[in-house]
Amino acid sequence: MSSAQPVESARLADVLKGPGYLKTLLLGALVGVPVSLVSFWFLAGMHELQHVLWSTLPHSLGWDAPPWWWPLPLLLVSGVLVGLVVTHLTGAGGHIPANGMAMGGASTAVLPGVVLAAAASLPLGAVLGPEAPLIALGGGLALLLRDLARGPSTPQTTALLGAAGAAAAIAAIFGSPLIAGVLLIELVGVGGVRLFAVMLPALLSSGLGALVFTGFGRWTGLETGGLTTKLPGTFTRLDAPDVAWGLLIAVLVAVVQHRAMSTGRAVAAYVAGRPLMRTTLCALGAGVCAAVYALSTGRDPQEVASSGQATMATLTADPHAWGIGALIAVLLCKAVGYSLCLGSLRGGPVFPALFLGAATGLLLSPLPGLDLVPAVAAGLAAAAAGVLRLPVSSALLVTVLLGNLAVTPLIILAVVASLITTELLPAGPPKALPPAKA
């Protein structure tokens, strides 16, 4: 046993015995319940509003599906509303999605802007997911509960409770407390005693929150729209062509994802000059992408103008319903719309990236010797790694999402290939700063 181990054990015991930490641990466990309830209603509300705007309203006007021009007015309104939030509310509507996933900086002051910007983006057709607003919502709500309970307000408790609230929110959207825990380990980037101290309240919060979240959905009958994949058939063994083609798919997806994020940061820098007008223009540009796709393919424009989580479920469940032309069109149009939304609207970058990875894998699955499951697995793994830049979290997320242990080795190889490719590519524009409030 090294001499460092007894020292670490003593430090850990001191942390656990501290009255302030035990109180923080209890608060961390308790915040999982209200954070998950708020996350549930937030996601259910976004899901129901999206359903009304993209399904109920077109049907009531006599269309079986939204017409090709439907995304244009919705995303125009989205751009105006988000631009107003960015220019007038504290926090500029929250995290800029082009900067990737991030932790820290939880604050109660930014909550109104985060919620309003997300509500103006996600249901109206932004090519973004709900994960970034949920992380901000979870962390900010945890601190609000701490203040209401008159708990200790120190830098340590702020960091711990912010992480606990974020973990409960992550567990809600990704459907697993384990994914939330691992994601926080890599995002926070701590080790030793500090890691243990951060993870205990986070795991308690996410575990209790997951129980509440899943049970509340069953009791109410409401849907929140989580990530799902249902690939047809069974897959039991990787062959050499699966691995070779899978690595090629991973490199290709990494290049596309890197280009999308770089373009998104350039868009964010452009928007910062005149936020209201340029946010509106970029949002309208994303609407044009969806309209062009619908007009050229005759398919639903929401397949482009959305996070992609619902479309990915139908894509993987019935891949033969998508011709090569439709797959190419949805990849091109969604990638451009995704890049525009990354730098202008508010949401998370993960869900659309996963859709693009899955669609790329499906498009290339007819390659000789390549099976559908490893093709989609490689695309998903490369996309997750490209946007998260977290190897273990990316591999775990895709493994849980697919539920097929036979492709786990390829998932790991695809994650590594994606990260190496991303690191070797030019860095591109720096991370964008939010525009200053008017």
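Below is a short write-up of the structure. (Residues numbered from 1 in each chain as written. Predicted model: local features only at pLDDT ≥ 70, side-chain atom pairs only at ≥ 80, totals over all residues. Heavy atoms only, no water.)

## Examining a nonpolar patch on the surface
A cluster of nonpolar side chains, contributed by L57, L61, W63, W68, W69 and L295, occupies part of the molecular surface with about 580 Å² of accessible area. When you line up the elements, L57 lands in helix 2 (residues 19-60). (Patch = residues over 30% accessible without salt bridge, like charges linked within 9 Å, V, L, I, M, F, W, Y side chains within 5 Å. Areas by Shrake-Rupley, 256 points an atom, 1.4 Å probe, with all protein chains shown as cover. Salt bridge = Lys/Arg side-chain N within 4 Å of Asp/Glu carboxyl O. Helix = DSSP H or I, 4+ residues; strand = E, 2+ residues; numbered from the N terminus.)

## Let's talk about unusual backbone geometry
Peptide bonds are trans in most cases, and residues, glycine excluded, mostly fall at negative phi. The backbone of A92 shows a phi angle near 55°, a positive value even though the residue is not glycine. Classification of A92 as buried rests on a relative accessible area of 4%. Of note, R389 is a non-glycine position whose phi angle comes to about 60°, a positive value. For R389, a relative accessible area of 38% gives the class partly exposed. (Buried < 20%, exposed > 50% of the residue type's maximum accessible area, 1.4 Å probe, protein only.)

## Thoughts on empty space enclosed by the protein
Summed over the entire model, instances satisfying the criterion amount to two cavities of 30 Å³ or more. By volume, the largest cavity amounts to about 50 Å³. Taken together, V86, I96, A268, V271, A272, T279, G343, S344, R346, L433 and P435 make up the full set of residues lining the largest cavity. Within the residue set of the lining of the largest cavity, elements represented by two or more residues are helix 9 (240-273) and helix 12 (324-344). Across the lining of the largest cavity, the residue classes tally to seven nonpolar, three polar and one charged. Approximately 30 Å³ is the volume attributed to the second largest cavity. Together, F174, I179, L183, L388, S393 and L397 line the second largest cavity. Listing elements by their share of the lining of the second largest cavity, those giving two or more residues are helix 7 (177-188) and helix 15 (391-402). When grouped by side-chain class, the residues that make up the lining of the second largest cavity number five nonpolar, one polar and no charged. (1 Å grid on protein atoms, 1.4 Å probe; cavity = no way out; pocket = protein on both sides within 12 Å on 5 of 7 lines; lining within 4 Å. Points joined across faces, edges and corners; volume = space filled by probe spheres on them. Nonpolar A, V, L, I, M, F, W, Y, C, P; charged D, E, K, R; others polar.)

## Some thoughts on the packing of aromatic side chains
With the rule as written, the count across this model stands at four aromatic pairs. Ring geometry for W69 versus W70: centroids 5.6 Å apart, planes at 45°, classification tilted. Overall, W69 belongs to the partly exposed group, its relative accessible area being 32%. Taken together, W63, W69 and W70 form an aromatic cluster joined through their ring pairs. R299 extends its terminal NZ or CZ atom over the ring of W322, reaching a point 3.9 Å from the ring centre. Here the basic side chain of K334 rests over the ring of F355, its NZ or CZ set 5.1 Å away from the ring centre. (Phe/Tyr/Trp six-rings, centres within 6.5 Å; stacked < 30°, edge-to-face > 60°. Lys NZ or Arg CZ within 6 Å of the ring centre and 35° of its normal.)

Without other data, these values stay purely geometric and don't point to any function.
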